[in-house]
Amino acid sequence: MKKFTADYVYTVEDKEPIPNGLVVTDDDGKILSITSYSGDNNKDVIYHKGVIVPGFINSHCHLELSHLKGKIKEKEGLPSFIKNVIAIRNVAEAEIEKAMIAADKQMQKNGIVGVGDISNTVISADIKAKSPIRYHTFVEMVGLDPAKSQELITKADALKSKFEHSGSASITLHASYTLSKALVKDLRRYCKNEKNLISLHSQENEDENAFYRYKTGAFVQLYEDLGINLDYFVAMSKNTLQAIVPLLPQDQNVLLVHNTFTTLKDVYMLRRFNVDIFWCFCPGANLYIENTMPNFKFFEKSGYLATLGTDSLASNHSLSILDEMKLVQKSGRGISFDEMLEWATINGAKFFGWDSELGSIKKGKTPGLNLITNFKDGHITPKSEVVKLI
Ligand SMILES: [Zn+2]
């Protein structure tokens, strides 16, 4: 049995944090009780300065790109970033594996207990299987050619089965600018028979909208540079959200990732469709690639839950949910610590269906416990650090 106390315990279940909260767990980290600590001299109780919060959920990562840390120049925009990833991602397998193992360890150290990870190959499967982190793998499909959609689904489904030993897995779409309507339709058909979580990189760059509305902008140039024929792509006079969301499966959780250029109008528009949307913000990657961040406040109006992701080390300096929270706070959009903490814990757990075990400090759950240090007046500070307690 272990006993932890700190200045405050944020359970995420209760509206208010518990001053001098005492969390008792068994040796496997299962929560036995949460009470207020009376302060009597109990040698078993470990006191921590700071606040105790549940383990973090990182809703969006690409372990496969970990070896690209520091290799791509910052703030050059998404089309240039994609071109660079394609050009330099293929190196010796041993180098990629070494970087993925280090990335997984870094996430453990940073108090992350669950990860949604995008995969294009099988290379991360054994690392995920061995890690104490709970992984969901999104096997990603990239393809604008409608004639190839069924072939892509078959391939993705085969790759998905190779992740069975490493946690849950689903097949998913990469981004609006790399899919065809036929692919989304085929995915809908695929989803009819099984639970299949969907993730979509969405409005990460303004040119995505120009590409969809008018077939102009940097993506047309990118495809030209890559020698990809765009004849079958027809402009839709709608931005990517307006065009794609109505086509998505209605009975699956859908994670829209980035949302950097999503407008308030888009947010209101989404409420018309019966799709189970979750937002995922990756502020570190947005600053790295586009040097901007979403207007986080808009999304409160949607009624959908928000989550946080680190994206990959190709577009971030760390894999730390606390670092992402610091950036949200720094954006000055008025998001409270309590709200951000829900993004960082229970909302991601709900998206992945892990909330009966992870995401909040509740009797019977095994959520992991993190200490956040240098916490002041209900806020994290630039000096705050995360210490994984269990
Ligand atoms: Zn991503």
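Source: prediction; values computed, not measured.

Some points on the overall build of the protein chain
Then, in step 1: Looking only at helices and strands, the protein chain features 13 helices and 15 strands.
Then, in step 2: By residue count, 56% of the 390 residues in the protein chain fall in the buried class.
Then, in step 3: In the protein chain, once contacts between residues fewer than 6 apart in sequence are set aside, the share between residues at least 24 apart is 71%.
Then, in step 4: If you sum the accessible surface of the protein chain, you get close to 16,700 Å²; carbon and sulfur atoms cover 50% of it.

Re the packing of helix α4 (residues 149-161) against helix α5 (residues 181-191)
Then, in step 1: Relative orientation of the contacting elements α4 and α5 amounts to 45°, with a least axis distance of 9 Å. The angle between α4 and α5 falls in the class oblique. At the point where α4 passes α5, the crossing takes the right-handed sense. For the pair α4 and α5, contact is made by Ser149, Gln150, Leu152, Ile153, Asp157 and Lys160 and by Ala182, Leu183, Asp186, Leu187, Arg189 and Tyr190, respectively.
Then, in step 2: Taken together, the residues that form the contact of α4 with α5 break down as 6 nonpolar, 2 polar and 4 charged.

A word on the pairing of strand β5 (residues 45-54)
Then, in step 1: Counting buried residues along β5, 7 of its 10 residues qualify, which places the element largely inside the surrounding structure.
Then, in step 2: Where strand β1 (residues 2-9) and β5 come together, 6 bridges link them in parallel fashion. Looking across to β5, one finds that Lys3 is bridged to Val45.
Then, in step 3: Bridging between β5 and strand β14 (residues 369-372) involves 4 bridges; their strand directions are antiparallel. Residue pairing for β14: Ile52 is matched across the bridge by Leu371.

Re the nonpolar core
Then, in step 1: Core analysis: the largest hydrophobic core is formed by 95 residues, its most contacted members being Phe56, Phe211 and Met325.
Then, in step 2: Among the domains, domain 1 (1-55 + 360-390) and domain 2 (56-358) are the pair contributing at least three residues each to this core.
Then, in step 3: Counting residues in hydrophobic clusters, the runner-up holds 16 residues, among them Ile57, Leu255, Cys280 and Leu358.

Points about the pairing of β1
Within a regular strand, the side chains alternate between the two sheet faces.
Then, in step 1: Strand direction decides the pairing type here: β1 and strand β3 (residues 21-25), joined by 4 bridges, are antiparallel. If you follow Lys3 over to β3, its bridge partner there is Val24.

Concerning α5
Then, in step 1: All of the buried residues in α5 are Leu183, Val184, Asp186, Leu187, Tyr190 and Cys191. In an axial view of α5, the angular spread of the buried residues amounts to 165°, which keeps them on one side of the axis. Turned more than 90 degrees away from the buried face of α5, the exposed residues are Lys185 and Arg189.
Then, in step 2: Along its buried surface, α5 packs onto β8 (134-141), α4, β9 (168-173) and β10 (198-202).

Digging into the side chain of Asn58
Then, in step 1: Position of Asn58 relative to the elements: it lies in strand β6 (residues 56-61).
Then, in step 2: Assessed through its relative accessible area of 0%, Asn58 is described here as buried.
Then, in step 3: Of the polar contacts made by the side chain of Asn58, one reaches the backbone nitrogen of His60; its length is 3.3 Å.

Describing the coordination of the zinc ion
Then, in step 1: Within the protein, His60 (NE2), His62 (NE2), His201 (NE2) and Asp311 (OD) serve as the donor atoms for the zinc ion, at 2.1 to 2.7 Å.
Then, in step 2: Within one chain, the residues donating to the zinc ion are spaced in sequence as H-x1-H-x138-H-x109-D. Note that His62 is positioned in the loop between β6 and α1 (78-88) and His201 in strand β10, a separation of 139 residues in sequence. An identical accessibility class is assigned to His62 and His201; each is buried.

Quick look at the pattern of salt bridges
Then, in step 1: Taken as a whole, this structure holds 13 salt bridges when the rule is applied.
Then, in step 2: For Lys75, the salt bridge is made with Glu74, and the minimal N-O distance between the two is 3.4 Å.
Then, in step 3: A relative accessible area of 45% means that Lys75 is categorised as partly exposed.
Then, in step 4: Between Arg189 and Asp186 there is a salt bridge; the shortest N-O distance is 3.0 Å. Here the residue Arg189 and the residue Asp186 both occupy positions in helix α5, the gap between them amounting to 3 residues, near one helical turn.

Some details on the domain arrangement of the protein chain
Reports often express the size of an interface as the amount of accessible area lost when the parts come together.
Then, in step 1: Domain annotation of the protein chain identifies domain 1 (1-55 + 360-390) and domain 2 (56-358).
Then, in step 2: Listed per partner, the contact involves 23 residues of domain 1 and 22 residues of domain 2.
Then, in step 3: Across the domain 1/domain 2 interface, buried area totals approximately 1,800 Å², and carbon plus sulfur atoms make up 64% of it.
Then, in step 4: Contact with domain 2 buries surface across domain 1, with Val12, Ile380 and Val386 losing the most and accounting together for 30% of the total.
Then, in step 5: Our enumeration of links across domain 1 and domain 2 arrives at 0 salt bridges.
Then, in step 6: Where domain 1 meets domain 2, there are 7 residue pairs in polar contact (both at pLDDT 80 or more).
Then, in step 7: Every element with two or more residues in the side of domain 1 that touches domain 2 is listed here: β5, β14 and β15 (386-388).
Then, in step 8: Classifying every residue of the side of domain 1 that touches domain 2 gives 10 nonpolar, 9 polar and 4 charged.

Scoring rules and cut-offs
- Residues numbered from 1 in each chain as written.
- Predicted model: local features only at pLDDT ≥ 70, side-chain atom pairs only at ≥ 80, totals over all residues.
- Heavy atoms only, no water.
- Helix = DSSP H or I, 4+ residues; strand = E, 2+ residues; numbered from the N terminus.
- Buried < 20%, exposed > 50% of the residue type's maximum accessible area, 1.4 Å probe, protein only.
- Contact = heavy atoms within 4.5 Å.
- Areas by Shrake-Rupley, 256 points an atom, 1.4 Å probe, with all protein chains shown as cover.
- Axes fitted to C-alpha atoms, helices over the stretch in contact; angles between N-to-C directions.
- Parallel < 35°, antiparallel > 145°, perpendicular 65-115°, else oblique.
- Left-handed = near helix turned anticlockwise from the far one by under 90°.
- Nonpolar A, V, L, I, M, F, W, Y, C, P; charged D, E, K, R; others polar.
- Pairing = 2+ DSSP bridges.
- Core = buried A, V, L, I, M, F, W, Y, C linked by side-chain atoms within 4.5 Å.
- Domains from an automatic or database assignment.
- Arc of directions from axis to C-beta.
- Polar contact = N/O pair within 3.5 Å; in protein donor to acceptor, adjacent residues only side chain to side chain.
- Donors = N, O, S within 2.8 Å, 3.2 Å for Na, K, Ca; no water.
- Salt bridge = Lys/Arg side-chain N within 4 Å of Asp/Glu carboxyl O.
- Buried area = accessible area lost by both parts, 1.4 Å probe.

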